[in-house]
Amino acid sequence: MAIMRRRKHLSYGYFPQDVCMEVLSRLPVKAVLRFRSVCKTWASVIDAPCFESMHLHHCNNNREKKKLLLLQWSHSDRKHWTLRWADTFRKIRDFDTEFTSSMLVICYIDGLLVLCDNPRHCYAVIVLNLSIRKYITLPSSPVLHENYLNLGIGYDSASDDYKLVAWSSSSSGQVYSLNSDTWKSQVSFEHARHFMFQYPQVFFEGTIHWIVQRPDDKDHLILTFDVHDEIVKYMKLPYPSRRGTRVLTIVDESLAIVDHKRKESCIWVMEKYGAIDSWTKRYTINLHAFEILYLKENGELFFANKRGGVKSYNIRTGEINHLAKTYPTYVYDMNNYVESLLLSKRADGQSLESFSRTKSKRKKTRKRIALHRT
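Conventions we followed
Residues numbered from 1 in each chain as written. Predicted model: local features only at pLDDT ≥ 70, side-chain atom pairs only at ≥ 80, totals over all residues. Heavy atoms only, no water. Phe/Tyr/Trp six-rings, centres within 6.5 Å; stacked < 30°, edge-to-face > 60°. Helix = DSSP H or I, 4+ residues; strand = E, 2+ residues; numbered from the N terminus. Buried < 20%, exposed > 50% of the residue type's maximum accessible area, 1.4 Å probe, protein only. Lys NZ or Arg CZ within 6 Å of the ring centre and 35° of its normal. pLDDT = per-residue confidence, 0-100. Contact = heavy atoms within 4.5 Å. 1 Å grid on protein atoms, 1.4 Å probe; cavity = no way out; pocket = protein on both sides within 12 Å on 5 of 7 lines; lining within 4 Å. Points joined across faces, edges and corners; volume = space filled by probe spheres on them. Nonpolar A, V, L, I, M, F, W, Y, C, P; charged D, E, K, R; others polar. Arc of directions from axis to C-beta. Pairing = 2+ DSSP bridges.

With that settled, consider the packing of aromatic side chains. The full count for this structure, using the stated rule, is 6 aromatic pairs. Measuring from centroid to centroid gives 5.5 Å for Phe 204 and Tyr 273, while their planes differ by 75°, and the two rings are edge-to-face. With Phe 204 in strand S12 (residues 196–204) and Tyr 273 in the loop between strand S18 (265–270) and strand S19 (279–285), this pair connects stretches of sequence that are 69 residues apart. Judged by relative accessible area, which is 11%, Phe 204 ranks as buried. The ring of Phe 89 has Arg 84 sitting right over it, with the charged end atom 4.8 Å from the ring centre.

Given below as structure tokens:
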């Protein structure tokens, strides 16, 4: 009886609320959701408006448990996702469901994945949080049903809101607010209507960045969208366009570009953000890499070789680690994976398990929209 009374005393007020919040915000998402049912005090702490952002802050700064999300094609032409530890590349788990095979990941931020079924003829846009296995379907908008849809997502710190921008080949665009669950602002992408986009995006300094190219021009540009001011701008690349692959990333807390060729790769860093003349070639790498997969902010570069293996290369020390001798699938994207509680309070959120039940409804919607287009 004494033990039970002591447990009750500990649960309901022995620890100050700020101490409880500090401890609970450092736990994994699964544990947080489970501990929410322990007592009313803990539930009130977890439901506090500032808890989500505090938990996300700790997850972003937990360098000891960094994870990578790999988006892959198998030899059977089936898409699936794999979660791996960033330091050892050991597999944590697979996400191989009907959801992963039928939706395409377009962009990612703070544990939220933005997906659509087909960017050329989109019928549904979904925002997914894998940590809590919950997703929402964005409300209908005319821009979502136009051809060649482009998407980007960023965080507006001034309004504490995640905003998704969508525009089509007709240059019309709209901004979606996650807080209000509505399409609000109209944005013009008139000068970008014929650009070809290279994904993934990079969110930096409150701005979304994409590398774009005009169909009739070999030159590449960086298209930017300021999430708070909702303004579209352009940046020039630091060098003339040449053959090879260009990947936007962040290095040394600065915007950077990996210019990759089979024999040599160069990393250009923008020393002063927004100043075109501050582009500097900081690293030159001779790896004979078949494909660049991902460059972490700490300077660790993941790449694939011709035999299908995966290696990492530290651009500062020159150290190479062999992570996988062979890899049975094609990795088409790799990104830092962060656990978060975003969407956990959304009443309209649906579980991943319910996706297959709503898939038939989407097929009917596709047919209806297709008939309307014709």
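Considering every residue of the protein chain, the mean pLDDT works out to 80; 76% of them sit at 70 or more. Counted against residues more than four places away or in other chains, residues 1–12, with its pLDDT under 50, gives 7 contacts.

Quick look at the layout of surface pockets now. Of the pockets and cavities examined, the second largest pocket occupies roughly 350 Å³. Considering the residues around the second largest pocket, the lining is formed by 13 residues, among which Arg 26, Cys 59, Asn 62, Lys 65 and Glu 339 are closest to the centre. Each residue belonging to the lining of the second largest pocket can be placed in one class, and the counts come to 6 nonpolar, 2 polar and 5 charged.

This brings us to helix H5 (residues 51–60). When we look at burial in H5, the residues that qualify are Phe 51, Glu 52, His 55, Leu 56 and His 58. Down the axis of H5, the buried set is contained in an arc of 160°. They therefore lie on one face. Buried residues in H5 make contact with helix H2 (17–24), helix H3 (29–35), helix H4 (40–46) and strand S9 (161–167).

The element strand S4 (residues 104–109) is largely enclosed, with a buried count of 5 among its 6 residues. Linking two consecutive strands that pair antiparallel, namely S4 and strand S5 (residues 112–116), is a turn of 2 residues; a positive phi of about 50° is found at Asp 110 within it.

Our next topic: H2. Buried within H2 are the following residues: Cys 20, Met 21 and Leu 24. Here the buried residues of H2 occupy an arc of 100° about the axis, which is enough to place them on one side. As for H2, its buried residues are in contact with H3, H4 and H5.

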